Amino acid sequence: MCLGIPGRITAITDAGRLTAMAEVSGVRREVSVACVAEGPLEGLVGRWALIHVGFAMSLIDEDEAARTLEALRDLGEAQEALEAMAEGDRALEERA
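The rules behind the values
Residues numbered from 1 in each chain as written. Predicted model: local features only at pLDDT ≥ 70, side-chain atom pairs only at ≥ 80, totals over all residues. Heavy atoms only, no water. UniProt positions renumbered as here; feature names shortened; annotations may be inferred. Buried < 20%, exposed > 50% of the residue type's maximum accessible area, 1.4 Å probe, protein only. Helix = DSSP H or I, 4+ residues; strand = E, 2+ residues; numbered from the N terminus. Pairing = 2+ DSSP bridges. Patch = residues over 30% accessible without salt bridge, like charges linked within 9 Å, V, L, I, M, F, W, Y side chains within 5 Å. Areas by Shrake-Rupley, 256 points an atom, 1.4 Å probe, with all protein chains shown as cover. Salt bridge = Lys/Arg side-chain N within 4 Å of Asp/Glu carboxyl O. Core = buried A, V, L, I, M, F, W, Y, C linked by side-chain atoms within 4.5 Å. Contact = heavy atoms within 4.5 Å.

Under an unreviewed UniProt entry, the name given to the chain is Hydrogenase maturation factor HypC, and the organism recorded is Cereibacter sphaeroides. What UniProt records for the chain under Sequence similarities (unreviewed entry) is the sentence "Belongs to the HupF/HypC family." Quoted verbatim from the Function (unreviewed entry) heading of the UniProt record, the comment on the chain is "Involved in the maturation of [NiFe] hydrogenases. Involved in the biosynthesis of the Fe(CN)(2)CO cofactor."

Shown next, in the form of structure tokens:
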């Protein structure tokens, strides 16, 4: 099963590579926005997207993001996924 977690795109990090910074429940991570890029990339800043393995897979509205995060929290899956993302980010920082 694939799990997409809502995240808000906070900045474009590299327009040439179609990457942006997304925040998922306080965890910031660089993601590819190639799947959702339509028009100027700056238009994505502030938008919500379903994030899966480093890719923004689809854009969603804020209400849908809130409902999805609530459902995931209720299931406990969001916490596990966020911990795995944070652990991955720490591992990358240690390598740098």
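Caption draft 1: Structural detail: the pairing of strand S2 (residues 19-24). Of all 6 residues in S2, 5 are buried; the element is thus mostly enclosed. Note: S2 against strand S3 (residues 27-32), 6 bridges, orientation antiparallel. The residue of S3 that forms the bridge with valine 24 is valine 27. Turn length for the S2-S3 hairpin, with the two strands adjacent in sequence and antiparallel, is 2 residues, and the turn residue serine 25 shows positive phi of about 50°.

Caption draft 2: Representation of a nonpolar patch on the surface within the structure. Taken together, the side chains of Val53, Phe55 and Met57 define a hydrophobic patch exposed on the protein surface, amounting to about 300 Å² of accessible area. Among the structural elements, methionine 57 can be located in strand S5 (residues 55-60).

Caption draft 3: Focus on the nonpolar core. Grouped together as the largest cluster of nonpolar side chains are 22 residues, with contacts concentrated most on Ile5, Ile9, Val24, Val33, Leu44, Ile51 and Ala56. Mapped by element, the contributors of at least two residues to this core are strand S1 (5-14), S2, S3, strand S4 (48-52), S5, helix H1 (62-75) and helix H2 (77-95). Residues contacting isoleucine 5, with those up to four places away along its chain left out, are Val24, Ala49, Leu50, Ile51, Leu69, Leu72 and Ala81.

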